[in-house]
Amino acid sequence: MKGPCGPDRFELSHQLWKAIDLAEGRRDCAAVSVCKLIQGEDEEGARLVLERVFQPASDQYDELRARVSALVKSWKEEQEQPR
């Protein structure tokens, strides 16, 4: 549902958590791939996956978590304001 200023809080929260889940999945799959490549003694392949897949997914995950934390903090502060 969209309000006059954009998506409502529930929808925004839902979209952010969905994006976090996707980023976390990409990060986890990349981590497994890196481990398998290391076990197979393919250090160059592991380095490439780490740089090109794991790190961007991890950065996106961290950024999304920070956005959720900031939103929750702002919503909490708004609730604490006297009316």
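If you're wondering where the values come from, they're calculated on a predicted model, not measured in any experiment. (Residues numbered from 1 in each chain as written. Predicted model: local features only at pLDDT ≥ 70, side-chain atom pairs only at ≥ 80, totals over all residues. Heavy atoms only, no water.)

Asker: Is there a simple way to think about the state of the cysteines in this case?
Answerer: Such a bond, covalent and formed between the sulfur atoms of two cysteines, is termed a disulfide. For the structure shown, the criterion picks out zero disulfides. Considering cysteine sulfurs only, C35 is the nearest to C29, which forms no disulfide, with 12 Å between them. With relative accessibility at 46%, the residue C35 sits in the partly exposed group. (Disulfide = S-S within 2.5 Å. Buried < 20%, exposed > 50% of the residue type's maximum accessible area, 1.4 Å probe, protein only.)

Asker: Help me out: how do you make sense of the nonpolar core in this one?
Answerer: As a rule of thumb, soluble globular proteins bury nonpolar side chains together. Among the nonpolar cores identified, the biggest contains six residues, and these are L16, I20, A23, Y61, L64 and V68. Put simply, the parts of the chain that give this core at least two residues each are α1 (9-39) and α2 (43-80). Residues within four places of L64 in sequence aside, it is in contact with L16, A19, I20 and A23. (Core = buried A, V, L, I, M, F, W, Y, C linked by side-chain atoms within 4.5 Å. Helix = DSSP H or I, 4+ residues; strand = E, 2+ residues; numbered from the N terminus. Contact = heavy atoms within 4.5 Å.)

Asker: I would appreciate a short explanation of the packing of aromatic side chains in the present structure.
Answerer: The description of an aromatic ring pair uses the distance of the two centres, along with the angle that the planes make with each other. Applying the stated criterion across every chain yields a total of zero aromatic pairs. The aromatic ring of Y61 is capped on one face by R27, whose charged end is 4.2 Å from the ring centroid. (Phe/Tyr/Trp six-rings, centres within 6.5 Å; stacked < 30°, edge-to-face > 60°. Lys NZ or Arg CZ within 6 Å of the ring centre and 35° of its normal.)

Asker: What exactly am I supposed to notice about the environment of F54 here?
Answerer: Position of F54 among the secondary structure elements: in helix α2. A relative accessible area of 22% places F54 in the partly exposed class. With 41 residues separating them in the primary sequence, F54 and S13 have C-alpha atoms 24 Å apart. Discounting residues that sit within four places of it in the chain, F54 has contacts with R27, A30, A31 and V49.

Asker: What exactly am I supposed to notice about the side chain of R27 here?
Answerer: Its place among the elements puts R27 in helix α1. By relative accessible area, R27 is classed as buried at 18%. Other than its neighbours up to four places away in sequence, R27 contacts F54, A57, S58 and Y61.

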